[in-house]
2 protein chains.
Amino acid sequence: MMKEESMTTTVDSIASECLAVRIRLLNRTITGIFDEALRPLGVKISQLNVLMVVAKRGLVSPGDVARRLNMEKSTLSRNVERLRTREWLRVSDGESGRKQVLELTAKGLRLIEKSWPHWKKAQAETEALLGQQGARSILRAANTVWAQLGRD
Amino acid sequence: MMKEESMTTTVDSIASECLAVRIRLLNRTITGIFDEALRPLGVKISQLNVLMVVAKRGLVSPGDVARRLNMEKSTLSRNVERLRTREWLRVSDGESGRKQVLELTAKGLRLIEKSWPHWKKAQAETEALLGQQGARSILRAANTVWAQLGRD
DNA sequence: GCTCCTGTGTTGTATATACAACATACCCGC
DNA sequence: GCGGGTATGTTGTATATACAACACAGGAGC
């Protein structure tokens, strides 16, 4: 058993430094800001994120999207299923029969168009919350992660 | 219908600036690092986060913990249920009958002790991923959020 | 051509999360 | 003391997430 004094040190260290509790707090807070802004459209930011990857990259496979977002393929599989149900994207079998191909529908495109002002509002609100410097730090940190994912 | 050109602008803006997709990417990545490190102990970082708040603050109510983590009370209710099942914390009715009181068990304390080296490893790995500057930025951003939560 | 290995996607299970609706308990003003 | 408003916690429902196990398709080596 650890000494009482050491125990306190352990708790204090984790409490005052833990990166996980902090990133998770930021995630809940910021996701909430965007979800609230998008609520009138009936879409969540998690879903719009997937649609944006497909919009940006054109014809991609589910695996490509999952890698880009550093997300489990099984997670993405179910997310895609829901987006397909709402007819925001289409899934077809690739020529080789192995990979599937994702593609935005016209309805999906319209959704992105309509999302713009709501997204903008949430983005501004988040910048106000974090401050300009904080916001830029998040962008930089994400770029670092993307760079390292690419290398693997 | 928006013009094709404007549509491209919309997609590019969101794709290149969106804070939500980035914080969510960081959340998945970092949560994964900590969960993997803690797997030998059979605890997840989300659960350790809750236990740490209780350890740090002593006798707290579920509502207090939820506010501190900016989490829905209903979410915390179910998390506590699982922690109670594993006997890492105890729930008792407060004197006033209204608020409940959470308290770590001896088993919960031992879990935190045993977690220390695994947490330390994950924290170091995360710092290596983000860089010192990136890691510090996350700490600062979280402090900003906590400050604003406190004001509300 | 067969075999094995790898990449791709799905399904089973558990957890984390939020919102809405609800039941209570408390407190404040009167 | 009473009534209404508010704080507290639970439950129903939907989504997001991961891990493990699986099915299957393609290719590489022989």
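Our structure is the block above this text.
This is a predicted model, so every value here is computed, not measured.

Chemist: Help me understand helix H2 (residues 19-38) of chain A in this model?
Modeler: One full turn of an α-helix is made of 3.6 residues, so residues set three or four places apart face in the same direction. Along its 20 residues, H2(A) runs 28 Å from first to last C-alpha, staying within 8% of the 28 Å computed at 1.5 Å per residue. Counting buried positions along H2(A) yields 17 of 20 residues, so the element is predominantly enclosed.

Chemist: Just checking my understanding: could you explain the protein's contact with DNA strand C for this structure?
Modeler: As a structural note, the neighbourhood of DNA strand C is formed by 27 residues, with A:Arg24, A:Ser77, B:Ser46, B:Ser74 and B:Ser96 the closest of them. Within 4 Å of the protein, atoms of DNA strand C come from sugar and phosphate in 62% of cases. Taking A:Arg28, its side chain carries an N or O atom lying 3.0 Å from a phosphate oxygen of DNA strand C. Listing elements by their share of the surface near DNA strand C, those giving two or more residues are H2, helix H4 (62-68) and helix H5 (73-85) of chain A together with helix H3 (45-57) and helix H5 (73-85) of chain B. Among the elements that take part in the surface near DNA strand C, H5(B) stands out by supplying 5 residues, more than any other. Grouping the amino acids of the surface near DNA strand C by side-chain chemistry returns 2 nonpolar, 12 polar and 13 charged.

Chemist: What am I meant to see in the environment of A:Gln132 here?
Modeler: Residue and element names in this part refer to chain A. Relative to the assigned elements, Gln132 resides in helix H6 (residues 106-151). We classify Gln132 as exposed; its relative accessible area is 63%. The spatial distance from the C-alpha of Gln132 to the C-alpha of Arg28 is 20 Å, given a sequence separation of 104 residues.

Chemist: Quick question: what am I supposed to make of the relation of the copies chain A and chain B here?
Modeler: Note on the chain copies: they are related by a rotation about an axis and a translation along it. You can overlay chain A on chain B at an RMSD of 0.0 Å; the transform is a turn of 180° with a shift of 0.0 Å along its axis. Given the turn and translation reported, the copies of this chain are related as if by a two-fold rotation axis. Comparing interface residues between copies, 100% of those in chain A also lie at the interface in chain B; the contact surface is shared.

Chemist: Honestly, the side chain of B:Arg22 in this entry has me stumped. Any pointers?
Modeler: Residue placement: B:Arg22 occurs in helix H2 (residues 19-38). Salt bridges are absent for the buried B:Arg22, whose nearest opposite-charge side chain, B:Glu17, sits at 8.3 Å. Setting aside chain neighbours within four positions, we find B:Arg22 in contact with A:Ile138, A:Leu139, A:Ala142, A:Trp146, B:Ile14, B:Ala15, B:Ser16 and B:Glu17.

Chemist: Help me understand the interface of chain A and chain B, please; the structure alone is not making it clear to me.
Modeler: Often, the extent of an interface is quoted as the loss of accessible area upon association of its parts. Tallying the contact residues gives 60 residues for chain A and 60 residues for chain B. Put simply, chain A and chain B have 2 salt bridges between them. The tally of links between chain A and chain B comes to 15 residue pairs in polar contact (both at pLDDT 80 or more). If you list the elements that add at least two residues to the side of chain A that touches chain B, you get helix H1 (4-17), H2, helix H3 (45-57) and H6 of chain A. When residues of the side of chain A that touches chain B are assigned to their parent elements, the largest contribution, 25 residues, is made by H6(A). Partitioned by chemical class, the residues of the side of chain A that touches chain B number 35 nonpolar, 14 polar and 11 charged.

Chemist: Got a minute to help me understand unusual backbone geometry in this structure?
Modeler: Where the residue is not glycine, phi is negative for most of them; where a peptide bond is considered, it is trans in most cases. We note that A:Glu87 has phi near 65°; this positive angle belongs to a residue other than glycine. Looking at the element boundaries, A:Glu87 is found in the loop between H5 and strand E1 (89-93). For A:Glu87, a relative accessible area of 48% gives the class partly exposed. Even without a glycine there, the phi angle at B:Asn70 is positive, about 50°. Looking at the element boundaries, B:Asn70 is found in the loop between helix H4 (62-68) and H5. Taking the relative accessible area as the measure of exposure, B:Asn70 reaches 28% and is therefore partly exposed.

Chemist: Help me out: how do you make sense of the environment of A:Leu19 in this one?
Modeler: Within the secondary structure layout, A:Leu19 lies in helix H2. Taking relative accessible area as the criterion, A:Leu19 reaches 1% and is therefore assigned buried. When sequence neighbours within four positions are dropped, the list of residues in contact with A:Leu19 reads B:Gln123, B:Thr126, B:Glu127, B:Ala135, B:Ile138 and B:Leu139.

Chemist: Explain the nonpolar core here, please?
Modeler: Within soluble globular proteins, side chains that are nonpolar generally end up buried alongside one another. Counting residues in each nonpolar core, the largest one holds 93 residues, and the members touching the most others are A:Phe34, A:Leu51, A:Val65, B:Phe34, B:Leu51 and B:Val65. Residues contacting B:Leu51, with those up to four places away along its chain left out, are B:Leu83, B:Trp88, B:Leu89, B:Leu104, B:Leu111 and B:Ile112.

Chemist: Please clarify how the pairing of strand E2 (residues 100-104) of chain B should be interpreted in this entry.
Modeler: All names here are of chain B. Across 5 bridges, strand E1 (residues 89-93) lies against E2 in antiparallel orientation. Opposite Arg90, over in E2, you have Glu103 as the bridge partner. The turn joining E1 and E2, which pair antiparallel and follow one another in sequence, is formed by 6 residues; a positive phi near 80° is taken by Gly97.

Rules used in this analysis
- Residues numbered from 1 in each chain as written.
- Chains lettered and ligands numbered in written order.
- Predicted model: local features only at pLDDT ≥ 70, side-chain atom pairs only at ≥ 80, totals over all residues.
- Heavy atoms only, no water.
- Helix = DSSP H or I, 4+ residues; strand = E, 2+ residues; numbered from the N terminus.
- Expected span 1.5 Å × (residues − 1).
- Buried < 20%, exposed > 50% of the residue type's maximum accessible area, 1.4 Å probe, protein only.
- Near = heavy atom within 4 Å.
- Polar contact = N/O pair within 3.5 Å; in protein donor to acceptor, adjacent residues only side chain to side chain.
- Nonpolar A, V, L, I, M, F, W, Y, C, P; charged D, E, K, R; others polar.
- Least-squares fit on C-alpha atoms with pLDDT ≥ 70 in both.
- Contact = heavy atoms within 4.5 Å.
- Lys, Arg positive; Asp, Glu negative; His and termini not counted.
- Salt bridge = Lys/Arg side-chain N within 4 Å of Asp/Glu carboxyl O.
- Core = buried A, V, L, I, M, F, W, Y, C linked by side-chain atoms within 4.5 Å.
- Pairing = 2+ DSSP bridges.

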